[in-house]
Amino acid sequence: MKRFNALFHKEWIEAWREKKLVWLPAVILLVTLLQPISLYFMPTILENSNSLPPGAVIELPIPSGAEVLAGTLSQLHTIGTAIIVLACMNVIVQERNNGSLMQLFSRPVNTTTYIFSKWTMLVLLHLGAFTISYGAAWYYTNALFSDVSFTSVWKSFVIYCLWIVLVITVTLFVSTFLRRSGGVAGISILIVASIAILSTVMPDIAIYLPSNILNLATEVLNTEKGTVHMGAVLATTIAFIAILLLTMVKKFEKSVKF
Amino acid sequence: MTMLEARGLTKRYGKHVAVKDLNLQLKKNECIALLGPNGAGKTTTLHMLAGLITPTDGMIMSDKKVLIKDKIGFLPQYPTFFDWMYPKEYLMLAGTLSGMTKKTLKERSLHVLEMTGLLEAQKRKIGAFSGGMKQRLGLAQAIMHQPKILLLDEPVSALDPAGRIDVMNILENLKKDMAILFSTHVLHDAEQICDKALIMKSGQSISYENMKEWKGNRQRKRYRLETSDPLQIEGLQKLYKEIDIKESQKIIGTLRHNVTPNMLLQYCIQQDIGIQYFGAEEKNLEEHYIEVMEG
Amino acid sequence: MENTVTLLLPIIVIQFLLLIIALISCIRAEETLGPKWVWIVIIFCISIIGPILYFVIGQRKDAYK
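Everything numeric in this text was worked out from a predicted model, so none of it was measured. Note that residues are indexed from 1 along each chain, following the sequence as it is written. To label them, take the chains in the order written and letter them from A, then take the ligands in the order written and number them from 1. Only residues with pLDDT of at least 70 are given local features in this predicted model, and only at 80 or more are side-chain atom pairs given and counted; all residues enter the totals for whole chains, interfaces and linings. Side-chain descriptors were evaluated using all non-hydrogen atoms of the structure, hydrogens and water having been removed beforehand.

Q: Looking at this structure, how should I read the packing of aromatic side chains?
A: Both the distance between ring centres and the angle between the ring planes are used here to describe each pair of aromatic rings. Note on aromatic pairs: the rings of Phe, Tyr and Trp (six-membered ring only in Trp) are paired at centre separations within 6.5 Å, and the planes decide the class, stacked below 30 degrees, edge-to-face beyond 60, tilted for the rest. Evaluation of the coordinates by the stated rule reveals 23 aromatic pairs over all chains. Taken together, a centroid distance of 6.2 Å and an interplanar angle of 90 degrees make the contact between A:Tyr40 and A:Phe145 edge-to-face. A residue pair is termed long-range when its members are at least 10 positions apart, and A:Tyr40 in helix α2 (residues 20–48) and A:Phe145 in the loop between α6 (111–144) and α7 (150–175) qualify at 105 residues. According to the relative accessible area criterion, A:Tyr40 is partly exposed, its value standing at 29%. For A:Phe145, a relative accessible area of 13% translates into the label buried. Taken together, a centroid distance of 5.5 Å and an interplanar angle of 70 degrees make the contact between A:Phe105 and A:Tyr114 edge-to-face. Each of the two residues, A:Phe105 as well as A:Tyr114, counts as buried. Above the plane of the ring of B:Phe82 lies A:Lys10, whose end atom (NZ or CZ) is 4.3 Å from the centre. Definition used: whenever NZ (Lys) or CZ (Arg) falls within 6 Å of the ring centre and also within 35 degrees of the ring normal, the charge is taken to sit over that ring. Across from the ring centre of A:Trp16, 4.4 Å away, lies the NZ or CZ of A:Lys19, which sits over that ring. Under the DSSP-based scheme used, a helix requires at least four consecutive residues in state H or I and a strand at least two consecutive residues in state E, with every element numbered from the N terminus. Throughout, exposure labels follow a simple rule: accessible area from a 1.4 Å probe, protein chains only, divided by the maximum for the residue type, with under 20% read as buried, over 50% as exposed, and the rest as partly exposed.

Q: Would you explain the UniProt feature "transmembrane region" (unreviewed entry) in chain A in this entry?
A: Residues and elements named next belong to chain A. UniProt tags residues 21–42, 73–93, 114–137, 157–178, 185–209 and 229–249 as "transmembrane region" (unreviewed entry). The span residues 157–178 is 86% helical and 0% strand by assignment, and the distance between its end C-alpha atoms comes to 32 Å. Summarising residues 229–249: 95% helix, 0% strand, and an end-to-end C-alpha distance of 30 Å. UniProt positions are given in the numbering used here, feature names are shortened, and annotations may be inferred rather than shown by experiment.

Q: It is not clear to me how the environment of B:His288 should be interpreted in this structure. Could you clarify?
A: Mapped onto the fold, B:His288 is located in helix α10 (residues 285–294). Note: C-alpha distance between B:His288 and B:Ile199 (89 residues apart in sequence) is 9.6 Å.

Q: Could you clarify how one ought to interpret the packing of helix α1 (residues 2–17) of chain A against α2(A) in this entry?
A: Two quantities define a packed helix pair, namely the angle between the helix axes and the distance between the axes. Residue and element names in this part refer to chain A. Across the interface, α1 lies against α2 with an axial gap of 5 Å and an inter-helix angle of 70 degrees. Looking at the two axes, α1 sits roughly perpendicular to α2. Contacts from Trp12, Ala15 and Trp16 in α1 reach Lys20, Leu21 and Val22 in α2. Side-chain classes follow a simple rule in which Ala, Val, Leu, Ile, Met, Phe, Trp, Tyr, Cys and Pro form the nonpolar group, Asp, Glu, Lys and Arg form the charged group, and the remainder, Gly included, forms the polar group. The residue inventory of the contact of α1 with α2, partitioned by class, reads five nonpolar, no polar and one charged. Axes, fitted as lines to C-alpha atoms, cover a helix only where it is in contact. Angles between the N-to-C directions of the axes lie from 0 to 180 degrees. Each angle gets one of four labels, with under 35 degrees taken as roughly parallel, over 145 as roughly antiparallel, 65 to 115 as roughly perpendicular, and the rest as oblique. Whether two residues touch is decided by their heavy atoms; if any such pair falls within 4.5 Å, the residues are in contact.

Q: What am I meant to see in the sheet that holds strand β2 (residues 16–27) of chain B here?
A: Backbone-to-backbone hydrogen bonds pair the strands of a sheet. The strands run either parallel or antiparallel. All names here are of chain B. Pairing between two strands is assigned when DSSP locates at least 2 bridges connecting them. Here four strands make up an open sheet; going across it, the order is β2-β1-β4-β5 and the pairing antiparallel. The sheet is open, and its two borders are formed by β2 and β5 (65–66), each paired with just one other strand. As paired strands, strand β1 (residues 2–13) and β2 are joined by eight bridges and run antiparallel to one another. Directly across from Ala6, in β2, lies its bridge partner Leu24.

Q: Sorry if this is basic, but what is going on with the UniProt feature "domain: Cardiolipin synthase N-terminal" (unreviewed entry) in chain C here?
A: Per the UniProt record, "domain: Cardiolipin synthase N-terminal" (unreviewed entry) is annotated on residues 18–59 of chain C. Annotated as 74% helix and 0% strand, the span residues 18–59 of chain C places its first and last C-alpha atoms 14 Å apart.

Q: I'm lost on the sheet that holds strand β14 (residues 275–280) of chain B in this one. Help?
A: Residues and elements named next belong to chain B. Reading across from one edge, β12-β13-β11-β14 is the order of the four strands in this open sheet, with antiparallel pairing throughout. Strands at the two margins of the open sheet, each flanked by one partner only, are β12 (240–247) and β14. Neighbouring strand axes in the sheet, compared pairwise and without regard to direction, differ in orientation by 15 degrees on average. One ladder, built from five bridges, connects strand β11 (residues 222–227) with strand β13 (residues 250–255); its direction is antiparallel. The partner of Leu225 across the bridge, within β13, is Ile251. Seen against the sheet, helix α9 (residues 261–270) touches β11, β12, β13 and β14 and runs at an angle of roughly 170 degrees to β14.

Q: Explain the nonpolar core here, please?
A: Soluble globular proteins: nonpolar side chains tend toward being buried together. In this structure, A:Trp23, B:Leu151 and B:Leu171 are the most contacted members of the largest nonpolar core, which totals 183 residues. Tallying contributions element by element places α7(A) first for this core, with 16 residues. Excluding its chain neighbours within four sequence positions, the residues that come into contact with B:Leu171 are B:Leu139, B:Leu150, B:Leu152, B:Ile180, B:Phe182 and B:Ile193. Nonpolar cores are built from buried Ala, Val, Leu, Ile, Met, Phe, Trp, Tyr and Cys residues. Side-chain atoms within 4.5 Å join them into one set. Of all hydrophobic cores here, the second largest spans 14 residues; its members include B:Leu225, B:Ile233, B:Leu239 and B:Val259.

Q: I would appreciate a short explanation of the interface of chain A and chain C in the present structure.
A: By a widespread convention, an interface's size corresponds to the accessible area lost as its parts come together. The interface is formed by 25 residues belonging to chain A together with 22 residues belonging to chain C. The three residues of chain A that bury the most area against chain C are A:Trp23, A:Leu30 and A:Phe41, which together make up 26% of that side's buried surface. Here a polar contact is recorded for every N or O atom pair within 3.5 Å, except that within protein the pair must consist of a potential hydrogen donor and a potential acceptor, and residues adjacent in sequence are included only if both atoms are side-chain atoms. Here chain A is connected to chain C by two residue pairs in polar contact (both at pLDDT 80 or more). Residue assignment for the side of chain A that touches chain C shows that the elements contributing at least two residues are α2, α3 (65–88), α4 (90–98) and α6 of chain A. Considering every element that reaches the side of chain A that touches chain C, the biggest residue donor is α2(A), with 11 residues. Using a 1.4 Å probe, buried area is obtained as the accessible area two parts lose upon being combined, added over both of them.

Q: I would appreciate a short explanation of unusual backbone geometry in the present structure.
A: Backbone geometry follows two general trends: most residues other than glycine have a negative phi, and most peptide bonds adopt the trans configuration. Residue and element names in this part refer to chain B. Phi is positive for Asn29, close to 60 degrees, though the residue is something other than glycine. Position of Asn29 among the secondary structure elements: in the loop between β2 and β3 (31–35). Using a relative accessible area of 38% as the deciding quantity, one classes Asn29 as partly exposed. Unusually for a residue other than glycine, Asp272 sits at a positive phi of about 60 degrees.

Structure follows, in structure tokens:
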């Protein structure tokens, strides 16, 4: 535990000195906030643009608060996911390539401690950023559109957190066997995208898989309760994360070549 | 007490054999140099001993028990740190990972910084360090947790002459507390602070030199003669039994049984050979090394 | 119109914050991947994405020996 704490602490100092602790929450916040605000200003923007003939009246249906928050999540699902992959792609690769990893492992540190110190820190950082952003988006939605109940926001939040943890885990997993951060980012996004695309390719199966997370969260926002498949999706996602973590630790132990 | 013992150590990468059947014994307070050309398997050997890679075959023990990493201090050939850290932070992280208690960390980190001459560089981030400073910090982190065994991979190759002498002095001091094994290309250093040398070539140990033994071996009548004019070898061959090194103006070898050094001098005077240097010569490591490499 | 300003203020502040932090970090960095002035231009000219690019790619020293 002492070793885990030391490495965990190191991760936070590193994130602070490299300013990841600031830019990541800021960027996620920006991505989430832009959705409700731009939706709010959409009529004004359209009115002021010159592309419309004078006298034309636009009747835009004002979206409900739940729809706005769902839009925010889908915005996060694309741009946010990419940002998470970018933020995580370097953490193992860099230390392995420059040799500082070797120097650490000449001490009694095992791969489990090492990987979990990174994983825990990244998960906390991203979930923290997501909490602030989603909270702010909720506030804006309530102020600008219609109110969304806390229960549905809370439920959708918990469900979507799993997606974020999954993306982090996939990126770390890829980092344990690729040596270039560009490759890590590419393959990770490929894996994550294939998971997401599954819901259009094989909707029958994907309904039980992590691919369905965004749909579930949206549904919860609209109806305040999830579908029958919620339990299955949560279970498969958690199982998938656990399997990735286990293989990663095992593989890293065997294949670390300095 | 045997601090570190390796028996039949072998490392294969596919068909390539990096280290083959290496035996090594490092006793308490002993210092051994690992010599050999590039690619001889020195680094692989050190990595195996440090527990960074698993040997294909053979075993590594310490005092008849399995070697644990707490006991080892390791300095890689290119020490790499986290550029955003301050030296003290790194040392404290290293110490914690090696199981040191919080109380001792601060004091010990300052102590090793002082030992390695980095006390003034404390306020700078490691990213701003020069190569030589990183090498020193590498040594500092290796000795941070007061290991019983110190494994150093070319500790002086990145240093300037003054730095090299510093590091050698530090090692000389450390010998009191730890058993040291280091690889180097500087034979002179190895000779000065080490008791023994293990010479490797293409993955195998080809010679195990005990320098301590040579030092007591002065009675062998080995003499070096340097002259200002080219030497006439025929006459000298009558006096020398064995000639180890022969250049046009230099000769080193063992005198014949009944020949005294004075007779050699006398001969030179008689022949009117201008003497530049004359003296008893211990066998040195460089000669051994070249001999072994060529043999 | 006052409403518009209050609404947009947080976004402008965050964007500005991101820009300033990236700039300071870039100027103070010992080394960047590629020339520093290019990064300063990128940070200034491409809003939001410029600073992110710098933090993710430009900030690290080349990891390869």
